[in-house]
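Structural features, examined
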Amino acid sequence: MADGISGASGTGRGYLAETGLRSWAFSLDHKRIGVMYLYTTMFFFLVGGLFAELLRLKLMTPGPGFVSDKTYNVFFTLHGALMIFLFIIPAIPSALGNFFIPMMVGAHDVAFPRLNLAGYWIFLAGIVVVIASLVRPMDTGWTFYTPYSAKSGAAVTLLSFGLFLVGMSSILTGLNFIITIHTQRAPGMTWSRMPLFIWGMYATSVIQVLATPVIGMTFILLAAERLFGVGFFDPAKGGDPLLFQHFFWFYSHPVVYVMILPAMGIISEIIPVFSRKPIFGYKAIAYSSMAIALAGFLVWGHHMFVSGMSSVAAVIFSLLTFSVAVPTGVKVFNWIATLYRGSISFESPMLYALMFIFLFIIGGLTGPFLGSLGTNVQLHDTYFVVAHFHYTMMGGTVMGWLAGLHYWFPKMTGRMLSEKLARRAAVLILIGFNVTFFTMFILGYKGMPRRWAEYPVQYQTMHIIATVGSWVLAAGIIVMVWNFTRSLYRGEAAPGNPWGALTLEWQTASPPPVENFEVIPTVTEWPYSFGRKGAGDA
C-alpha cells in the first residue's frame, strides 16, 4: 500500500538495541514509552485481578468470611479503582496507541515526544500517590459517591489527587495523538486511507481531552469540601449530592467509550487480515466511531434513573441511550459481513477478536434492559449490572486488548508467541469468563444486590459457581502470561509481516528500527485491499 519502505525483513534488535534503565526512563521514542505504559498497566491488571479473586473467595459463603465487611469494601474499591483508572482506561490508548499510532500513519514519532514522556511520568506519579493513599484505604467504591466520600475517614483526598494526576496524563496523551494524526500522516494518507484503529484512537482522544477535565474539577471540589468545609455536595452544608453524581457520570459514561473504542479499532484491523477480505463498510465503521464519541456525552442520566429526575428528562435520557446502539450495531454488522465468505484462519489474534464479538454482543443486548426505564428500576444495583458491565468492559475492552497484544506481539518484540499455548489460554479464558459472569445475570435477575458482603443463603449456589468460574478464568490468564514471558526469550524470530497485513506498521522490520522507517513512505492504496493481486503477501 506504500512506496519507499525498506527494512521489512530486518532481524536486528531495532528500537530494543539500547539497554539499561536510563535508556528507558528518559527515552523519547514513542515505542519505548508505549512499552513502559504496557508493563505498568499490565501489572495493575494482575493486581486488580488478584483483588477480584479475593472478593469471589469471600462470597463463597453467605455470612462472615475470612475478612471483615470493612475489608471487603476496601477489596472491591481497590479492584474497581485499579482496574478502571490504572488498567482499562490507559491500557490500549497509552500503551498500544503510543506504540502504533506513529507507525500506522507513517511518522517517525508523535508530534510532541517530550510531552509524551512527561505524560508517562505524570501517570507514574499519580500511581505513587494512589499507593500512598492505601495507608487509609478507600471503602467508598470506585464511584466515590458523596456525601459518604466527603466524610469517610479513608484517604479520599489523597486518592483523588492521584487520580487527578492520572487524568492529566490522559489529557496530554489524547492531545498529542490528535495533533499527531492531523499533522504527521505520511504523504498520500488521506482520511479515507487511515487505518480504522487510527479512527478509533482519534475519537477516543477527543473524549479524553473534553471529558477528563470534568472529573478533575469534581475531585478538586470534593477535596475543597473535605479540607475546607465548602458545601458543594453535603446537604448539611448546603450542597447537593446529586451534583456529584451528575459530574461523575458526565465523565464516566463517555470514558466507557475511551475503553471500548480503541478495542473496536483493533478488531477492525484483525478481522480483514484473518479473513483475507477487504473490510466491509469502511466509512460506516470510521464514522460510527465519531458518532459513538458524540452520543457518549449525552447519555449520563441513565445512571441516575432512581436518584431522582423528572419523567420527561428520564424519557429523553432513555431514548438517547438507545441511540448509542445504532453506531455500535453498525460496527458489529460490518465485522460479521467482512467474515462472510472470507478465507478465515483461526490464529490466536482472530480467536480473541471472535471472542470480543460474541461477548460484546451479549453485553450490548443486555444494555437496553438498563437503558429502559421500567426494567432499570427492577435491575438497578443488582448483579445484573455487574454482569452487563463485565461483558462490555472485560468481554469487550479486555478481549480487544488481548487480541491486539497477540496480533502485535511479533512486531513489538521480534518474537512469535506459541500458538498452542495461546489457544489453550483463550479456551480457558472464554469458559471461565462465561461461567463467572453469565451466572451473575441470573443472580441479578433473582434480585441479588451488588456490593453486599453478606447475602441471603438462597444465592449461595450461584455465588459458588461464579467463584469456580473465576478460578478457570485466572488459570487462562496465568497460561497467557507464561506464554508471553516464555516467548520473549525462547520464541521463534518473527518476520517483518507474519500475518500478511497491509497497514504500514507491518511494512518495516520486527522489532521496528528507532525511526520506524528509513524513508517516510508514500501511501498509494487503501489499507484493506485484500484480494488484489500481490496484496497481503507475507
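Structure's up top.
So, here is what we can say about the structure in this document. (Residues numbered from 1 in each chain as written. Predicted model: local features only at pLDDT ≥ 70, side-chain atom pairs only at ≥ 80, totals over all residues. Heavy atoms only, no water.)

A closer look at helix α9 (residues 282-295)
- Along its 14 residues, α9 runs 20 Å from first to last C-alpha, staying within 8% of the 20 Å computed at 1.5 Å per residue.
- Every buried residue of α9 is listed here: Tyr-282, Ile-285, Ala-286, Ser-288, Ser-289, Ile-292, Ala-293 and Ala-295.
- Looking at the buried side of α9, the elements it contacts are α7 (196-228), α8 (241-275) and α11 (325-339). (Helix = DSSP H or I, 4+ residues; strand = E, 2+ residues; numbered from the N terminus. Expected span 1.5 Å × (residues − 1). Buried < 20%, exposed > 50% of the residue type's maximum accessible area, 1.4 Å probe, protein only. Contact = heavy atoms within 4.5 Å.)

Thoughts on the pattern of salt bridges
- Applying the stated criterion to the full structure yields 5 salt bridges.
- Between Lys-31 and Asp-29 there is a salt bridge, with its nearest N and O atoms 3.1 Å apart.
- By relative accessible area, which is 9% here, Asp-29 ends up buried.
- As a salt-bridge pair, Lys-151 and Asp-234 come within 3.9 Å of each other at their nearest N and O atoms. Residue Lys-151 is found in helix α5 (residues 148-151), and its partner Asp-234 is found in the loop between α7 and α8; the two are separated by 83 residues along the sequence.
- The class for Lys-151 is exposed, based on a relative accessible area of 55%.
- Given the relative accessible area of 5%, Asp-234 is considered buried.
- Salt bridges sharing partners connect three or more residues here, namely Asp-381, Arg-450 and Arg-451. (Salt bridge = Lys/Arg side-chain N within 4 Å of Asp/Glu carboxyl O.)

Brief notes about the nonpolar core
- Of all hydrophobic cores here, the largest spans 165 residues; its most connected members are Tyr-352, Phe-356, Trp-401 and Trp-408.
- The greatest single-element share of this core, amounting to 23 residues, is contributed by helix α3 (residues 69-104).
- Other than its neighbours up to four places away in sequence, Tyr-352 contacts Met-399, Leu-402, Ala-403, His-406, Ala-422, Ala-425, Ala-426, Ile-429 and Met-480. (Core = buried A, V, L, I, M, F, W, Y, C linked by side-chain atoms within 4.5 Å.)

Some words on the packing of aromatic side chains
- Summed over all chains, the structure comprises 42 aromatic pairs.
- Relative to Tyr-528, the ring of Tyr-282 lies with its centre 6.2 Å away and its plane at 45°, an arrangement referred to as tilted. Residue Tyr-282 is located in helix α9, and its partner Tyr-528 is located in the segment after β2 (522-523); the two are separated by 246 residues in the primary sequence.
- With relative accessibility at 8%, the residue Tyr-282 sits in the buried group.
- Arranged with centres 5.7 Å apart and planes meeting at 75°, the rings of Phe-438 and Phe-441 form a pair that is edge-to-face. (Phe/Tyr/Trp six-rings, centres within 6.5 Å; stacked < 30°, edge-to-face > 60°.)

Quick notes on the side chain of Ser-160
- Here Ser-160 is to be found in helix α6 (residues 156-183).
- Overall, Ser-160 belongs to the buried group, its relative accessible area being 3%.
- For Ser-160, the residues in contact, after removing those within four places along its chain, are Phe-144, Phe-219 and Leu-222.

Thoughts on unusual backbone geometry
- Residues Thr-146 and Pro-147 are joined by a peptide bond in cis, for which omega reads 5°.
- Looking at the element boundaries, Pro-147 is found in the loop between α4 (113-132) and α5.
- Its identity is not glycine, yet Arg-276 carries a phi of approximately 55°, on the positive side.
- Among the structural elements, Arg-276 can be located in the loop between α8 and α9.
- A positive phi angle, close to 70°, is found at Asn-516, a residue other than glycine.
- Relative to the elements of secondary structure, Asn-516 occurs in the loop between α16 (460-490) and β2.
- Its relative accessible area of 0% is what places Asn-516 among the buried residues.

Things to note about the packing of α6 against α7
- Two numbers describe how α6 lies on α7: the axes approach to 8 Å, and their chain directions differ by 155°. Accordingly, the angle class assigned to the pair α6 and α7 is roughly antiparallel. The chirality of how α6 crosses α7 is left-handed.
- Here the contact of α6 with α7 is composed, by residue class, of 19 nonpolar, 10 polar and 1 charged. (Axes fitted to C-alpha atoms, helices over the stretch in contact; angles between N-to-C directions. Parallel < 35°, antiparallel > 145°, perpendicular 65-115°, else oblique. Left-handed = near helix turned anticlockwise from the far one by under 90°. Nonpolar A, V, L, I, M, F, W, Y, C, P; charged D, E, K, R; others polar.)

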